Amino acid sequence: MSVDLGTSQVPRAARVRPPGWRDPRLWIGVALVAASVVLGARLLGADPQTVEAWVADRDLVVGDRLDVDDLRAVRIDAGGALADGYLLRRDDLPPDSVLTRPVARGELLPRAALGAEEAGLVEVALWAPAVAIPPGVRAGAVVDVWLVRPEDGRARLALDDVTVVAVPAAEADYGPGGDRQVVVAVPADAAETVGDVLAAAHAGTVSITRRR
C-alpha cells in the first residue's frame, strides 16, 4: 500500500525591503540624526568663552625686561576681572617695559607688574652667615637687610623692601664660616646705607629677613 505524502513545499523567505524615499520612516530617521548633530554641536560650544593669556615661563625678577621668549600662553576664562587684570596674548607687549615686581614661573603676568625701566638701581653684593639668611631667599625674593650691633645684639633696619637679584648656589659659598652671598638691587641714592651694609658684612653682623 502506498501513502501519498503530498507535495512538500518550502515557504519562500520573506525579504525586508528598504524603505523608499517616500517612506515617512526614512525622513523621521534623517530628522533625528540631524537634530542630534545640532544638539551635540551646541553642547560642545556651551563651554565658557576663553582667551589666551601670558604666564611666566621662568622666574622673573624686578628689572627684567619683558621678552616673549620668557612667556608662554595658556587659556583662561574671558569673563570677569581675571582677563582684565592680566596681560593677554592678543595684546601687544609694551615696548621697553620691565617688571616692577617678581613673577614666579607659571604665574599669570599681571598688567600691574609692568612699568617703565627704572633708572638708578645698583646691584650690591653682600654676604651674611648662612644661619642669618632664610632658606627661601632666592632670585626675585623681597627682603629686608638688618645690621646687628655686636655689643648688645640689637638690630636696626638698613635696607627696606629690596629685591634679590641673585643667590649663588650653596657650593659657591665663600667667606669665613660659610657666609653666603646675596645680590640685591638698591636705589642709587642709598650710597651711605650701602656703605654701612658692606662694612657690617665684613664684620659678619648682617642678617636678612624675607618678605612673603
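Residues numbered from 1 in each chain as written. Predicted model: local features only at pLDDT ≥ 70, side-chain atom pairs only at ≥ 80, totals over all residues. Heavy atoms only, no water.

Caption draft 1: Representation of the overall build of the protein chain. Across its full length, the protein chain holds three helices and nine strands. Along the protein chain, helices (α) and strands (β) appear in the sequence α-β-β-α-β-β-β-β-β-β-α-β when read from the amino end. Burial analysis of the protein chain (212 residues in total) assigns 29% to the buried set. (Helix = DSSP H or I, 4+ residues; strand = E, 2+ residues; numbered from the N terminus. Buried < 20%, exposed > 50% of the residue type's maximum accessible area, 1.4 Å probe, protein only.)

Caption draft 2: View of the nonpolar core. Counting 24 residues, the largest nonpolar core has Leu-126, Val-143, Val-145, Val-182, Val-184, Val-206 and Ile-208 as the members making the most contacts within it. Contributing elements (two or more residues each) for this core: strand 5 (121-128), strand 6 (142-148), strand 7 (155-166), strand 8 (180-187), helix 3 (191-203) and strand 9 (206-211). Among residues more than four places away in sequence, those in contact with Leu-126 are Val-145, Arg-180, Gln-181, Val-182, Val-184, Val-197, Val-206 and Ile-208. (Core = buried A, V, L, I, M, F, W, Y, C linked by side-chain atoms within 4.5 Å. Contact = heavy atoms within 4.5 Å.)

Caption draft 3: Region of interest: the confidence of the model for the protein chain. With 68% of its residues at a pLDDT of 70 or more, the protein chain shows a mean pLDDT of 76. The weakest mean pLDDT in the protein chain belongs to helix 1 (residues 24-44) at 61; the strongest belongs to strand 6 at 93. (pLDDT = per-residue confidence, 0-100.)

Caption draft 4: Just the pairing of strand 6, in detail. Buried residues dominate strand 6, accounting for five of its seven residues. Here strand 6 pairs with strand 7 via six bridges, running antiparallel. Bridging from a neighbouring strand, Leu-147 pairs with Arg-156 of strand 7. The antiparallel hairpin formed by strand 6 and strand 7 contains six residues in its connecting segment, where Gly-153 sits at a positive phi of about 75°. Relative to strand 9, strand 6 runs antiparallel, the two being bridged by six bridges. Considered in strand 9, the bridge of Trp-146 is made with Ser-207. (Pairing = 2+ DSSP bridges.)

Caption draft 5: Fine view of the pattern of salt bridges. This structure, assessed with the given rule, holds nine salt bridges. Of the charged contacts, one joins Arg-58 and Asp-70 as a salt bridge, the two residues approaching to 3.0 Å between their closest N and O atoms. One end of the pair, Arg-58, is in the loop between strand 1 (50-56) and strand 2 (71-77); the other, Asp-70, is in the loop between strand 1 and strand 2, and 12 residues separate them in sequence. Judged by relative accessible area, Asp-70 falls into the buried class, the value being 15%. Ionic contacts of the salt-bridge type, sharing partners, join the residues Asp-144, Asp-160 and Arg-211 into one network. (Salt bridge = Lys/Arg side-chain N within 4 Å of Asp/Glu carboxyl O.)

Caption draft 6: Representation of helix 3 within the structure. Over its 13 residues, helix 3 runs 19 Å from end to end, which matches the ideal 18 Å to within 8%, given 1.5 Å per residue. Regarding helix 3, the residues found buried are Val-194, Val-197, Ala-200 and Ala-201. The buried residues of helix 3 occupy an angular sector of 125° when the element is viewed end-on, so they sit on one face. Across helix 3 from its buried face, at more than 90 degrees, point the exposed residues Ala-191, Glu-192, His-202 and Ala-203. One or two positions beyond helix 3, positive phi appears at Gly-204, with a value near 75°. (Expected span 1.5 Å × (residues − 1). Arc of directions from axis to C-beta.)

Caption draft 7: Summary view of unusual backbone geometry. Backbone geometry places Asp-161, a non-glycine residue, at a positive phi of 60°. Locating Asp-161 in the fold gives a position in strand 7.

Caption draft 8: How the structure looks around the sheet that holds strand 6. The five strands are arranged 5-8-7-6-9 in an open sheet whose pairing can be described as antiparallel. On the outer flanks of this sheet lie strand 5 and strand 9, each paired with one strand and no other. Strand after strand, the sheet turns through a mean of 45° between neighbouring axes, direction not considered. Against the sheet, helix 3 touches strand 5, strand 6, strand 7, strand 8 and strand 9, its axis set at about 20° to strand 5. (Axes fitted to C-alpha atoms, helices over the stretch in contact; angles between N-to-C directions.)

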